[in-house]
Structure formats: structure tokens, C-alpha cells
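Notes for the structure review
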Amino acid sequence: MPLYHKLGAIPQKRHTQFRKKDGSLHYEQLFGTIGFDGMSSLLYHLHRPTQVKEVGKTLDVAPRAAVEYNIKSRLLKGLEVRPEDDYLQSRKTVLFNSDVHIVLAAPQESMTDYFYKNADADELLFVHEGGGTLKTLMGDIDFEYGDYLLIPRGMIYQIHFDTPNNRLFITESYHPIYTPKRYRNWFGQHLEHSPFCERDFKLPQNLKAHDEKGDFVIKVKKQGQLHHMVYATHPFDVVGWDGYNFPYGFSIHNFEPITGRVHQPPPVHQTFETSAFVVCSFCPRLYDYHPEAIPAPYNHSNIDSDEVLYYVDGDFMSRKGIDKGYISLHPAGIPHGPHPGTYEASIGKKGTEELAVMVDTFKPLQLTQAALDIDDGTYYQSWL
Ligand SMILES: [Fe+2]
């Protein structure tokens, strides 16, 4: 996050004595990325954050390929993924490569008896249905329909839901997720042409330090394994922090679309970037206003990327037979385009209410059995 933020109490100068009321020291932790070169924050704990009591059983959660080499366009009916009580068990990886896992989840219960940390990947949660609070050791972020939650790797968190009706579209990224560099100036500030800016971000708040000893389970995901670790103190014992590395939220409804006289290409919808994929937000907007414009996209050969579209709401102008929660996958190597009739039908239309999230990956995606279970099977022939 190219933004400085601080919460709670911190010492005047870093790496100096910061004492509690009883005279004992707080414990400083640097929470950084890319060695000591990336964004970082300095956290001040009541207890040493290193007090491992036990390491229990490890669960293999690495995705397995049911289709390793995919050349078919696919349509996955995302809402057919079954709701499950537990947040981690509810997460079903449908598409993956070595850079990114694309996950659908319909968790019903809040995470209350353990904490979770993804040690390998940044997690980008898109909230399709539901709401609640993301609780982290750096503060809380309330979320609702349409929010992206960006949780940097290594962040210990719990997720609490307001109701059992939740649908999440999750991107686990093995490369850091940033806002696009071209939207930011030399100092990292979002420029005037960016479709969003710092004011739109939901920053952590309500930092509360828990001074508790006991048995605290943290499930740590690393190398495709879910490790069961027991710590001696409550992980949310931070009294204050400052820096640039922290979780944040951003509502898709705050993305201000860029429009033109003729069709604008997908990069105008870009919201996040990594070195291995991009994330775009397709939001309600005015259509192209050249008198001869064709608002539907042209056929395109995304030779270098697999294109994943998650349909959130509204009518998707270039597609037929699409419903909420569906995922279309258009693989690299073959062209795709508007469905028959939609190209012509788009002429003269003034605007669209479509809402969708796109993930374009630079390496091909593999499909899991969970994806095949919700695959319509015939989508690849739907242009005939
Ligand atoms: Fe496309």
C-alpha cells in the first residue's frame, strides 16, 4: 500500500526503548516484504510474537489438476459451490497456476476459535455476498458487498461475518499485489487520471491489544500445507504500529470508469497489478459515444494470458446465458469475442449496469475437480 498509516501508541523513534506502565519493554517487530526492500511496518507487541508452544498436524491443501492442459473456453457456475461452516474448508480452488490460485468460497460461520495466516501469498478477497469485519493484528476493516480486501502475506487474521450468507471470490497471489504503477507518481501517490485514489481506501481501525496468555491456534498456510501452530499469547497483542505494509479495503463501487468515444480496452478497468496477472473491475458506465460506435468489444486474441471473468451483477453486454457468480475462462492461444447477436445489439445502447471482476493471468491456468463439478461443459461451442 503506497500510503503511510499509523494506529495506537508507538515510540518517538524507531528501534528505541518503548516501555509499558510497569517499566517492561514492548516487543518491536518489522513486518516487511521482499526482504528489507519492500513495504514494511513496525509493530509493537505486548509479548514476544515468537512463542510457539506446539506444532500439530499438517493438512495438505495444495490444489490438484484435473485438467492440466486446457484449450477450451469454460463457464463455471460459481454459486453452485456448496456453503460450508468453516472459512478455510469452504475455500475451493477452481483455477490455478504457480503464480495465482482462484478460489470460490461460501463460508457460513465466523472464524472464532483459531487464527489464520497465509505465509506464501497475498490474498485478495472480493465480497460478492455478505458482510462483516476482517480482524487483524493491525486493526479491523468492516466489509460489505462489493469490497475488495487486500491482505498482505504473513498477516494474521480472522474473518467475522454478519450472517451465514456469504460469497467470496478469492485471488491468492504468490507475487505482491499493488495498485497499477501507471496510476501513481514517482512518490507512489495516485495521480489525477487514476480511477481511484487514497481517499477511497478502507484502512485498518479500532486497534485493540489483547493481553492474554494460553493456547492460541494459528493455522499457517505455507507451500500448499496448512500447519497447525499453537502460540502462548494472543496474536492480536499489538499496541501500535506505523508504516506502509498493512491490509486495506477498496469498494468496487468506488472505481470510476474511464469511457471514450470508441471502445476502450480492458486496461482502463485495471484495479490491481502483479508481475504475473492483473485484476480489472468492470463497473456500470456510459457506453462509447461516437455516433458510429460499437460498444461491445471486438473479438480478441489474448495470446499471452488466460482471461477469467467473475460476473457479479447486472447484464453482461457481450455474453448470453450468464448469471451472477458465473466464471468464464477464455484460455490463451485462441480468440474469443461477443456472443452471436450481442455485437449488433450493443449499437445505440447508452450505458451498462454490468459489474464484474476480471483476472488475466500471464501463465495458463489448470482446472481442479471442483471447477469441473460446476463446469457447464458446452460453453466453448457457444459462438456457433
Ligand atoms: Fe475478453
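The following paragraphs examine the structure supplied in this document. Sequence order sets the numbering: in each chain, residues are counted from 1 along the sequence as written. Reporting in this predicted model follows two pLDDT cut-offs: at least 70 for local features of residues, and 80 or more for side-chain atom pairs to be given and counted; totals over whole chains, interfaces and linings ignore these cut-offs and use all residues. To get the side-chain values, take all heavy atoms of the structure and skip hydrogens and water.

1. Details of a nonpolar patch on the surface
To be explicit about the condition: Residues form patches when they are more than 30% accessible in relative terms and have no salt bridge. Like charges link within 9 Å. Nonpolar side chains (Val, Leu, Ile, Met, Phe, Trp, Tyr) link within 5 Å. Accessible surface area values rest on a Shrake-Rupley calculation with a 1.4 Å probe, where residue burial reflects the displayed protein chains alone. One speaks of a salt bridge when a side-chain nitrogen belonging to Lys or Arg is within 4 Å of a carboxyl oxygen belonging to Asp or Glu. Secondary structure follows DSSP: runs of H or I at least 4 residues long count as helices, runs of E at least 2 residues long count as strands, and numbering of each begins at the N terminus. With a 1.4 Å probe rolled over the protein chains alone, any residue whose accessible area is under 20% of its type maximum counts as buried; one over 50% counts as exposed, and the rest are partly exposed.
Taken together, I294, Y298, Y343 and I347 make up a surface patch of nonpolar side chains, about 360 Å² in accessible area. Assignment of secondary structure puts Y343 in helix α2 (residues 342-345). What makes Y343 partly exposed here is its relative accessible area of 35%.

2. Structural notes on the coordination of the iron ion
Quick reminder of the rule: Counted as donors are the N, O and S atoms within 2.8 Å of the metal, or 3.2 Å for Na, K and Ca, while water is not among the atoms, so some sites may look incomplete. Geometry assignment treats four donors as tetrahedral when all angles are between 85 and 135 degrees, treats four as square planar and six as octahedral when opposite donors are over 155 degrees apart and all others between 65 and 115, and treats everything else as irregular.
Those protein atoms acting as donors to the iron ion are H300 (NE2), E307 (OE), E307 (OE) and H336 (NE2), and they sit at 2.0 to 2.8 Å. Around the iron ion, the 4 donor atoms are arranged such that angles at the metal cover 52 to 160°; this shape is classified as irregular. If you list the donors of the iron ion from N- to C-terminus, the spacing comes out as H-x6-E-x28-H. A residue pair is termed long-range when its members are at least 10 positions apart, and H300 in the loop between β22 (285-286) and β23 (306-313) and H336 in the loop between β24 (326-330) and α2 qualify at 36 residues. Looking at H300, the relative accessible area reads 24%, which means it is partly exposed. Residue classification places H336 among the buried residues on the basis of a relative accessible area of 4%.

3. Thoughts on the sheet that holds strand β7 (residues 100-105)
Within a sheet, neighbouring strands are paired by backbone hydrogen bonds and run either parallel or antiparallel to one another. Rule in force here: When DSSP locates at least two bridges between a pair of strands, those strands are taken to pair.
With antiparallel pairing, 8 strands are arranged side by side in an open sheet as β15-β19-β12-β9-β14-β7-β6-β27. Each of the sheet's edge strands pairs with one partner strand only, and the pair in question is β15 (201-202) and β27 (366-367). One ladder, built from 4 bridges, connects strand β9 (residues 122-129) with strand β12 (residues 147-151); its direction is antiparallel. For E123, the partnering residue across the bridge sits in β12 and is I151.

4. Some thoughts on the side chain of D99
Applicable threshold: Counted as a polar contact is a pair of N or O atoms within 3.5 Å, where, for protein atoms, one must be capable of donating a hydrogen and the other of accepting one, and residues adjacent in sequence contribute only when both atoms are in side chains. Only heavy atoms enter the contact rule, under which two residues are in contact if any of them lie within 4.5 Å.
Its place among the elements puts D99 in the loop between β6 (92-96) and β7. For D99, the side chain forms a polar contact with the side chain of H175, separated by 2.8 Å. A distance of 3.2 Å separates the side chain of D99 from the side chain of K363, its partner in a polar contact. Those residues within four positions of D99 in sequence are excluded, and the remaining contacts are E172, S173, Y174, H175, A276, F277 and K363.

5. Points about the pattern of salt bridges
One pass over the structure, following the stated rule, counts 14 salt bridges. Where K53 meets D215, a salt bridge forms, and the shortest distance between an N and an O atom there is 2.7 Å. Of this pair, K53 sits in strand β4 (residues 52-60) while D215 sits in strand β16 (residues 213-222), and the two are 162 residues apart along the sequence. For D215, a relative accessible area of 57% puts it in the exposed group. Salt-bridge contacts for D140 lead to K135; the nearest nitrogen and oxygen are separated by 3.4 Å. The exposure class assigned to D140 is buried, which follows from its relative accessible area of 14%.

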